[in-house]
Each structure stands twice: as structure tokens, then as C-alpha cells.
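Residues per chain are reported as follows:
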Amino acid sequence: MGRSLLLTVITITVIFAGIALTLLERSQSLPDKLNRNLDTIALKNTSAFALNYAIKQLNTDSDLLNDVTTLPEYHVISYADFSIKDGRIDTLKYAYFNTDKDSLQILAIVSRDVDGERVSRTGEARIGTSSSGNHPDKVGGWHFDETSGSNATEDTNSYDGTLENFSNPDNAWESGEWGNSINLDGHNDLVSLPDDVVDSWQDKFTAATWVKLDNSFVDWGTIMSEQKNNNNKTVVWAVTSRLIDITFFGVTIFSELKFQFTINTRGRPNVSTVSIRRTGNQINIYDWHFIVATYDGTYSRNRARMTLAIVDEGLTASRVIKKIQYHSVTGNNSNVVTIGGVQTNTPWSGFFDAFRCIDGNIDEANFFNDVLSSDDINSLFLHNGFDNDAIIYWRQ
């Protein structure tokens, strides 16, 4: 009996000793595990911050989107010392998944000092947009993605355009900002649109397009315009450009790019204008630029607001003017709308025939019968369409 009791006591003692040792080991390792968990959480927080920062840069850095490449290539931004909280951002990587640029991958590589060693972590964000060219206020849009012929297809209301005065229309189609574009010779090339394109504009409209001008000593031409179908082809409004590039023995003496939005209000004075002018030191005069002109005829009873923007440069000019009388009169569907030039010369658009049309490329021309919101304009600029669905995939 005594021996059995002794064995039982010894057994229980051994068991409790084992439990005690286990608890002691676990209690001693608990701080290490806790620290590792805290380090992991800290790196996740750093990674989340880095991804948020990377996405924000897309909206604040106008050149970043142009630098982003398509997989498997990455546009890489490395930082020498970007400390945040308990870690730092080492590298940001950007890449599109396809040439349509409708989905974007962002990788944020972050690191943190743990017990004297540098521990890294990669966070990933995928942003996909389901975009289309449809908009409730869209009158017409021309992608200029054809490769031959004299027809410029329009898929919103079937307002197909016609290439006029081109010596060989098959040679007019060139690579553009989005797909193909149309190249104009700066003399008399233009795209004429059906008469009823302007029928629904009335008191508001937005005209938007991508423009890239060619090398030229002095060039001034019309990008988009609306004219009365009368003997004088009176211009109702026009978006024009002027490029000056003076070089002497390979040295640039002066270079300047100017975009201008002009409206004939049929009041006194007849013509109202807003313009944005930048020298070659301030802007790349031979780059693609997204130009948006808006007219708000509902600004007040007798007044309207006109605005011109170079969206990719974040530049805007605006003024309040008298209302256009042409849009409030019945039967305006006989007006002439053109892209790339005006049909005949007018006193205010230049004294020489060569100043009628631009010398350069136009891509993605769009007309709307309303003033687009800043979000819509930004969507057109970033995605060449309007965001129907945004898909964000986030992986830490």
C-alpha cells in the first residue's frame, strides 16, 4: 500500500514537473513570438501605407502614368531613405497588365529592422477598371483607329466622319495616344462630320481630344470647330493651337505652345477667348496633350462660362462671357462641325490658308451636350472611357 502510494506521488510529481517546464518554456518564448507578431503587423501597416502612397502618386504625378510600362516590364521607383512609422519604403513598381491599360499592378517593397537584420515584405495592389466610351451626354466620339480609307467611324450615334482634302487617306492613319490617330498636313486636311452632330448641344457642351503637333517653325491651326452653314462659314466656336519653334544652327532660340478656345457670341464684342500658353522650358511642345473645352450656357440668364484645360499638365483657363445665340435658335442641325481644321478661312482664324488646319495628329475626339464633371474628364484622360466598375484587389 505504501509502495503504491509512493509510486503515485512520484508519477504525479513528474507530470506536474513536466507541465511546469513546458509552461516555463512557453512563457520564455512568448515575448519572442509576440515580438515577431508585432513585427509582422508593423510590416503590414508599412506595406498598406506604401500602397496607399503609390496609388495617390498616380493622381498627383502627371508624368507617372506615361512612364508606366506593360508586364513583364515594370516602371521602378527606388528610394534611398523613405522612412515611415517603424519601417521604410524601398521600392515601388508599376505595370499595366495589357496594352489596353485597363488594369494596373502596383508592388510596394518595404522593410524594417528586426534584431539588427533588415526584413522585407512585398505588398501588391491590383486596380482594374471596366471602361467604355458610353456616356449619357455623349453626342459622338471618334477613335481614329482605322488603318486605311477616308471614313472615320463613330459608334455612339453613327456620326461617321469623312476625311477631306487628303492626298492619300490611306497614309493618314498613324500610331496615336490610344491605338491609332489621324495625321493632318497643316494645309487643308480636315475631318467633316454630319450636320446633325450639333443638334442636341443647345446651351452646354464639352469638346475633348488628344493632340500632338509636328515639328514646325510657326504653325497655327484649328483642332475642332463649329461653323454656321452660310456663305461666310461663320465660326461659332473653335479650339485652336499655335506652335513656335525657332532654332539657329541647332540651338533653340525660342519655343512656345499655345492652345486657345474661341467663341463667337454674336454680341459686342463678337469674339471671346481663353488661352493657355507655355514655353518649351515649361512644357513639351511636341508631346501628346489632352485638351478639353467646355461651354456652360446655363451659368446665368444672360451669361455663360467658357473653360479650356490642358488636362495632362493640370492647366486651366476660364472666363464668363455673353451667351452664344446660335445654339438657342431652332434649326441648328445645319451647322458644320469639323475636326482638324475649318472648311473655309475666316478673318479671326488666320490670314493664310495654311493656318486653317493643324499640322500634327489628333486622337480620341469626343463631343458631349453637357459640361463634364472633373471625375468624368479624369476618367477620359486616364482610361479613355468612363468607369463603370472599379475592381481593386489588395494583397499584403
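Given the structure is predicted, the values throughout are model-derived calculations rather than measurements.

What counts, and at which threshold
- Residue positions are given per chain, counting from 1 as you read along its sequence in written order.
- At least 70 in pLDDT is required for a residue's local features to be given in this predicted model, at least 80 for side-chain atom pairs to be given and counted, and no such filter applies to totals for whole chains, interfaces and linings, which use all residues.
- Computation of side-chain values covers all heavy atoms of the structure but excludes hydrogens and water.
- Put simply, DSSP H or I for four residues or longer makes a helix, DSSP E for two residues or longer makes a strand, and each gets a number counted from the N terminus.
- Per-residue accessibility, obtained with a 1.4 Å probe over protein chains only, is compared with the maximum for each type, and a residue is labelled buried under 20%, exposed over 50%, and partly exposed between these values.
- Contact criterion: two residues are considered in contact whenever any of their non-hydrogen atoms come within 4.5 Å of each other.
- Only the protein chains shown count as cover for residues, and all accessible areas are computed by the Shrake-Rupley method using a 1.4 Å probe.
- Here a polar contact is recorded for every N or O atom pair within 3.5 Å, except that within protein the pair must consist of a potential hydrogen donor and a potential acceptor, and residues adjacent in sequence are included only if both atoms are side-chain atoms.
- One requirement defines pairing of two strands: DSSP has to find at least two bridges between them.
- Note on patches: the residues involved have over 30% relative accessible area and no salt bridge, like charges join within 9 Å, and the nonpolar side chains Val, Leu, Ile, Met, Phe, Trp and Tyr join within 5 Å.
- Put simply, a salt bridge is a Lys or Arg side-chain nitrogen that is within 4 Å of an Asp or Glu carboxyl oxygen.
- Here the term cavity refers to a set of points on a 1 Å grid, laid over the protein atoms alone, in which a 1.4 Å probe fits but cannot get out; the term pocket refers to an open set having protein on both sides within 12 Å along at least five of seven lines, with lining residues being those that place an atom within 4 Å of a point.
- Grid points are joined across faces, edges and corners, and a volume is the space filled by probe spheres set on the points.
- Residues are grouped as follows: Ala, Val, Leu, Ile, Met, Phe, Trp, Tyr, Cys and Pro are nonpolar; Asp, Glu, Lys and Arg are charged; every other residue, Gly included, is polar.
- Note: pLDDT gives the predictor's confidence per residue, expressed from 0 to 100.
- We call a set of buried residues a nonpolar core when its members are Ala, Val, Leu, Ile, Met, Phe, Trp, Tyr or Cys and they connect through side-chain atoms within 4.5 Å of each other.

> I keep staring at the overall build of the protein chain and nothing clicks. Help me out?
What the protein chain contains, in helices and strands, is three helices and 22 strands. Looking at the protein chain residue by residue over its 396 residues, the buried ones come to 45%. For the protein chain, the share of sequence-separated contacts (at least 6 apart) that also reach a separation of at least 24 residues comes to 63%. Approximately 20100 Å² of the protein chain is accessible, and the part contributed by carbon and sulfur atoms is 49%.

> Got a minute to help me understand the side chain of T338 in this structure?
Structurally, T338 can be placed in strand 20 (residues 336-339). T338 sits in the buried class, given a relative accessible area of 0%. At a separation of 2.8 Å, a polar atom in the side chain of T338 contacts the side chain of S225. For T338, the residues in contact, after removing those within four places along its chain, are L190, V191, S192, I223, M224, S225, Q227 and Q343.

> How should the pairing of strand 15 (residues 251-264) be read in this particular structure?
A regular strand places its side chains on the two faces of the sheet in alternate fashion. Among the 14 residues in strand 15, 10 count as buried, and that is most of the element. Direction of pairing for strand 14 (residues 235-248) relative to strand 15: antiparallel, over a ladder of 12 bridges. Looking across to strand 15, one finds that T247 is bridged to T252. What sits between strand 14 and strand 15 in their antiparallel hairpin is a turn of two residues, with F249 showing a positive phi close to 50 degrees. In this structure, strand 15 lies alongside strand 16 (residues 271-279), joined through nine bridges in antiparallel fashion. Paired with N264 across the two strands is V271, which belongs to strand 16.

> For this particular structure, what's the right way to read a nonpolar patch on the surface?
On the surface, F248, F249, V251, I253 and F254 cluster together into a nonpolar patch covering about 590 Å² of accessible area. Counting residues per element, the nonpolar patch draws most heavily on strand 15, which supplies three residues. Tracing the sequence through the fold places F248 in strand 14. On the basis of relative accessibility, which here comes to 53%, the residue F248 falls in the exposed class.

> What should I look at first to understand the layout of surface pockets in this one?
A probe as big as a water molecule, rolled over the atoms, marks out the empty space that is left. Here the second largest pocket defines a volume of roughly 330 Å³. Every residue lining the second largest pocket is counted, 18 residues in all, and those nearest its centre are S62, L65, N66, E177 and W210. Residue assignment for the lining of the second largest pocket shows that the elements contributing at least two residues are helix 2 (64-67) and helix 3 (374-383). In terms of residue class, the lining of the second largest pocket is built from seven nonpolar, five polar and six charged.

> I keep staring at the side chain of Q105 and nothing clicks. Help me out?
Among the secondary structure elements, Q105 is positioned in strand 4 (residues 103-114). Of the polar contacts made by the side chain of Q105, one reaches the side chain of Y74; its length is 2.5 Å. When sequence neighbours within four positions are dropped, the list of residues in contact with Q105 reads L71, Y74, K93, Y94, A95, F97, E124, A125 and R126.

> Explain the confidence of the model for the protein chain here, please?
When pLDDT is low, close inspection of the predicted coordinates is not appropriate. Taken as a whole, the protein chain shows an average pLDDT of 82; of its residues, 80% reach a score of 70 or greater. Below a pLDDT of 50 lies the segment residues 345-354, which in the model reaches 16 contacts outside its immediate sequence neighbourhood of four places, other chains included.

> I would appreciate a short explanation of the nonpolar core in the present structure.
For soluble globular proteins, nonpolar side chains are generally found buried alongside one another. Membership of the largest hydrophobic core comes to 51 residues, with the highest contact counts inside it found for W142, F144, I182, W237, F261, I339 and F367. With near-sequence residues (within four places) excluded, F261 lies in contact with F205, W237, A238, V239, S272, T273, V274, A293, T294, M306, T307 and L308. Core analysis: the next-biggest nonpolar cluster, separate from the first, contains 35 residues, A54, V68, L372 and F386 among them.

> What's the story with the environment of T344 in this structure? I'm lost.
Position of T344 relative to the elements: it lies in the loop between strand 20 and strand 21 (359-368). Since its relative accessible area comes to 32%, T344 is described here as partly exposed. Once the C-alpha coordinates of T344 and Q227 are considered, the two residues, 117 residues apart in sequence, prove to be 9.5 Å apart. Contact partners of T344, with chain neighbours within four places excluded, come to Q227, N232, K233 and R356.

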